[in-house]
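Structural overview for review
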Protein chains: 2
Amino acid sequence: MSQTHTPPQVAILGAGLIGAAWAALFQHHGADVRVWDPVPEALSGVRARMAAPLEQLAQVAPDAGPPGKLTLCDTLADAVSHADLIQENAPENAALKHALFAQVEPLMGRDAVLASSTSALTWSDLAPGLNDPARLITAHPFNPPHLVPLVEIYGTDLDRIARAEAIYRAAERVPVRLKKDATGHIANRLASALWREAVFMVQDGIAEVEAIDTALVNGPGLRWSVLGAHMAYHLGGGAGGMAGYLAHLGPSQERRWAALGTPSLTPDVQKALVDGVAREAAGRDIPELEAARDTALIAMLRARREAPHV
Amino acid sequence: MSQTHTPPQVAILGAGLIGAAWAALFQHHGADVRVWDPVPEALSGVRARMAAPLEQLAQVAPDAGPPGKLTLCDTLADAVSHADLIQENAPENAALKHALFAQVEPLMGRDAVLASSTSALTWSDLAPGLNDPARLITAHPFNPPHLVPLVEIYGTDLDRIARAEAIYRAAERVPVRLKKDATGHIANRLASALWREAVFMVQDGIAEVEAIDTALVNGPGLRWSVLGAHMAYHLGGGAGGMAGYLAHLGPSQERRWAALGTPSLTPDVQKALVDGVAREAAGRDIPELEAARDTALIAMLRARREAPHV
């Protein structure tokens, strides 16, 4: 388009790790970012927490153009008054978020979107915090938010959802819509379902923690980075695709589901999990493991720019 | 090492798609490969079916050294008599495999390993086919076998397992051991558990088929290509790691497991799945989708050579 665009105005509420990752992401992709946190020390530390994400973003998206402006705001009004998108990253406590929303709502623009990063809560849990719940969407990132592209979205105002999606897409995120509010959105439901069976296999003695992780990363996990689960069964059906798969193997799949396990996090199982990840970590502490994860994710994201997923 | 090694001698029984992928893999990595199939047309067609896998392997592992020798064998004895590893890829029918094993066992070397690629059957299903079941292991690849590194192994003779693992590792596979025989091994149990929830979300109206696949590929699937599920919860626990996670969020995880769904593959659900993957395929037929999958997998595998998974 030939017209000049003003960059999106994005407010980040909460300057912890998730807030800092969002701030780095939006700034790297040219948005004007205004950050607010009720704790002055948290606010002043956000630049330091943004440094590593900004460095990583330069590797993942080196062609993003000039970065946007970053402003640390002492007042909530200063952060949200002119924002198109307000990304909220407060602690996972509905009462606390309701109280914050009650402050934000009178300050935000008529067409602005208030987007909650909430993982554990749902839109229905949060909507009572606003006079006009249509202003609210849930927009859940997957950790680390500046690297993993997914943003899971639910809300009731389709125009607002579309405006938010455009802002996420401009920051190279992949927004995905839920049709119905659900605990765990989509991704954490999938992660929870998979982990249930992973824990069951430990409890049942089928395999060690580190063997299960190795199998996942070198098998289905690798394939799910390029091909969805439904699509994998479509390809598993041969020339008949999903219909052929369901006709021939649907009944055996239902038997397989029935044979999956239901573990309990007993003290013995907890010990096996803790000992197992310790063996797998092989002396690496959490920051080292996170650094290895991010380096590998960056390599995968760069590869994906050359060869997109199915 | 300074001594000269003789290349591993690998027999491939069954010259269909899986057998051809194994044959290409082992040949590319320098093994001497002897292929046998009871159907002459299947045997003579194997070179054609190996062409694309060999081309892809040249991209994934360009530094593999000179390829091994490929021999198409008219008799089973000619294929297996001198083999260190016999990789069986017969149809998934226990009686048929038992009959094949009865022919193989008197022909194979005393220390050789008979490895079944079986997906649906277990070691316990197959062991009755041999006089000496210690000769048998299950060694299940994940499709497509020449690209996805995982090989899931179960058997009772640890020396034979170790010898087989060395041959798989020389072909850049990642062998993973089960401690106990289990239907679906590890990977298909995980895939089945994840798909159960993915189908439930379609049945329950939480999200469309293509939204679920998009969420997986851009969220947990991408992350599971670099980080296992157990390790992800270790990192999700912050400084406390897995122990911290279990202490603080174990109870909420158990509640989440209880809230996951149990779908049925009713006609309505089957229609939703078939229609959903058709929308997602967007006109691409199965060979086109497989080609896109393989191109993306190759890019991911090349990236992994630069930055290994956690």
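Residues numbered from 1 in each chain as written. Chains lettered and ligands numbered in written order. Predicted model: local features only at pLDDT ≥ 70, side-chain atom pairs only at ≥ 80, totals over all residues. Heavy atoms only, no water.

- If you look chain A up in an unreviewed UniProt entry, it shows as 3-hydroxyacyl-CoA dehydrogenase NAD-binding domain-containing protein from Lacimonas salitolerans.

1. Thoughts on the pattern of salt bridges
- Taken as a whole and assessed by the stated rule, the structure comprises 32 salt bridges over all chains.
- A salt bridge links glutamate 88 of chain B to lysine 97 of chain B; the shortest N-O distance between them is 2.5 Å.
- Residues participating in the shared-partner salt-bridge network are Lys179 of chain A together with Glu208, Glu210 and Arg279 of chain B. (Salt bridge = Lys/Arg side-chain N within 4 Å of Asp/Glu carboxyl O.)

2. Looking at the domain arrangement of chain A
All names here are of chain A.
- Here chain A is described as being made up of domain 1 (9-177) and domain 2 (187-306).
- Distance from the C-alpha centre of domain 1 to the C-alpha centre of domain 2: 30 Å.
- Listed by partner, the interface residues are 17 residues for domain 1 and 10 residues for domain 2.
- Interface area, domain 1 with domain 2, both sides summed: about 1,100 Å², of which 55% is carbon and sulfur.
- Of all residues in domain 1, the largest losses of buried area upon contact with domain 2 belong to Gln59, Val60 and Leu147, amounting jointly to 39% of the total for that side.
- The tally of links from domain 1 across to domain 2 stands at 2 salt bridges.
- A salt bridge links glutamate 172 to arginine 305; the nearest nitrogen and oxygen atoms lie 3.1 Å apart.
- Counting across the domain 1 and domain 2 interface gives 7 residue pairs in polar contact (both at pLDDT 80 or more).
- Only α3 (46-60) and β7 (150-155) provide two or more residues apiece to the side of domain 1 that touches domain 2. (Domains from an automatic or database assignment. Contact = heavy atoms within 4.5 Å. Buried area = accessible area lost by both parts, 1.4 Å probe. Polar contact = N/O pair within 3.5 Å; in protein donor to acceptor, adjacent residues only side chain to side chain. Helix = DSSP H or I, 4+ residues; strand = E, 2+ residues; numbered from the N terminus.)

3. Observations concerning the relation of the copies chain B and chain A
- By a simple turn and slide, chain B fits onto chain A: the slide is 0.0 Å along the axis, the RMSD is 0.0 Å, and the turn is 180°. Seen this way, the second copy is the image of the first under a two-fold rotation axis.
- In this assembly the copies share their binding face: 100% of the residues contributing to the interface of chain B also contribute to that of chain A. (Least-squares fit on C-alpha atoms with pLDDT ≥ 70 in both.)

4. Description of the nonpolar core
- Counting 160 residues, the largest nonpolar core has Trp195 and Leu273 of chain A together with Trp195 and Leu273 of chain B as the members making the most contacts within it.
- For leucine 273 of chain B, the residues in contact, after removing those within four places along its chain, are His230, Met242 and Leu246 of chain A together with Trp195, Val199, Val202, Val209 and Leu265 of chain B. (Core = buried A, V, L, I, M, F, W, Y, C linked by side-chain atoms within 4.5 Å. Buried < 20%, exposed > 50% of the residue type's maximum accessible area, 1.4 Å probe, protein only.)

5. Topic: the sheet that holds β7 of chain A
Residue and element names in this part refer to chain A.
- In space, the 8 strands of this open sheet follow the order β3-β2-β1-β4-β5-β6-β7-β8, with mixed pairing throughout. The strands lining the two open edges of the sheet, one partner per strand, are β3 (70-72) and β8 (174-177). Here the average twist between neighbouring strands, direction ignored, is 25°.
- Pairing geometry for β7 and β8, over 4 bridges, is parallel. Following the sheet pairing, glutamate 152 is matched in β8 by valine 176.
- On top of the sheet, helix α7 (residues 158-170) reaches β1 (9-13), β4 (85-88), β5 (113-116), β6 (136-141), β7 and β8; it is set at about 155° to β8, its chief contact. (Pairing = 2+ DSSP bridges. Axes fitted to C-alpha atoms, helices over the stretch in contact; angles between N-to-C directions.)

6. Describing helix α7 (residues 158-170) of chain B
Residue and element names in this part refer to chain B.
- With 13 residues, α7 should reach 18 Å at 1.5 Å per residue; the first-to-last C-alpha distance of 18 Å fits that figure.
- Among the residues of α7, those classed as buried are Arg160, Ile161, Ala164, Glu165, Ile167 and Tyr168. Take α7 and look down its axis: the buried residues cluster within an arc of 160°, on one side only. Every exposed residue of α7 that faces more than 90 degrees away from the buried side is listed here: Leu158 and Asp159.
- A distance of 3.0 Å separates the backbone nitrogen of aspartate 159 from a side-chain oxygen at the start of α7, and that oxygen is part of aspartate 157. (Expected span 1.5 Å × (residues − 1). Arc of directions from axis to C-beta.)

7. Description of the sheet that holds strand β6 (residues 136-141) of chain B
All names here are of chain B.
- If you trace the 8 strands from one edge of the open sheet to the other, you get β3-β2-β1-β4-β5-β6-β7-β8, paired in mixed fashion. Here the strands that pair on one side only, and so sit at the sheet edges, are β3 (70-73) and β8 (174-177). On average, adjacent strands in this sheet sit at an angle of 25° to one another, irrespective of strand direction.
- Note: strand β1 (residues 9-13) against strand β4 (residues 85-88), 4 bridges, orientation parallel. When the sheet's bridge partners are listed, leucine 13 is paired in β4 with glutamate 88.
- Strand contacts of helix α1 (residues 17-28): β1, β2 (32-36), β3, β4, β6 and β7 (150-155), with the helix running at about 165° to β1, the strand carrying the most contacts.

8. Notes on α1 of chain B
All names here are of chain B.
- Look at α1: 16 Å from first C-alpha to last across 12 residues, which is about the 16 Å you get at 1.5 Å a residue.
- Burial analysis of α1 places 10 of its 12 residues in the buried class, the great majority of the element.
- For α1, the full list of buried residues reads Gly19, Ala20, Ala21, Trp22, Ala23, Ala24, Leu25, Phe26, Gln27 and His28.
- One or two steps after α1, the chain reaches glycine 30, where phi turns positive at roughly 95°.

9. Considering the packing of helix α11 (residues 229-236) of chain A against helix α12 (residues 241-259) of chain A
Residue and element names in this part refer to chain A.
- Where α11 contacts α12, the two axes come as close as 7 Å, and the packing angle between them is 95°. Classified by the interaxial angle, the pair formed by α11 and α12 is roughly perpendicular. Here α11 contributes His230, Tyr233, His234 and Gly236 to the contact with α12, which in turn contributes Gly241, Met242, Tyr245 and Gln253.
- Here the residues of the contact of α11 with α12 sort into 3 nonpolar, 5 polar and no charged. (Parallel < 35°, antiparallel > 145°, perpendicular 65-115°, else oblique. Nonpolar A, V, L, I, M, F, W, Y, C, P; charged D, E, K, R; others polar.)

10. Thoughts on the interface of chain B and chain A
- Between chain B and chain A, the contact holds 105 residues from the first and 105 residues from the second.
- Across the interface of chain B and chain A, roughly 10,100 Å² is buried in total on both sides, 72% from carbon and sulfur atoms.
- A per-residue breakdown of the area chain B buries against chain A is headed by Trp195, His230 and Trp257 of chain B, which together make up 9% of the total.
- At the junction of chain B and chain A, the tally comes to 6 salt bridges.
- Here chain B and chain A share 36 residue pairs in polar contact (both at pLDDT 80 or more) between them.
- Where the side of chain B that touches chain A is concerned, the elements lending two or more residues are β8, α8 (187-203), α9 (209-218), α10 (220-224), α11 (229-236), α12 (241-259), α13 (267-281) and α14 (286-306) of chain B.
- Top element by residues in the side of chain B that touches chain A is α8 of chain B. It accounts for 16 residues.
- For the side of chain B that touches chain A, the per-class residue count stands at 64 nonpolar, 24 polar and 17 charged.

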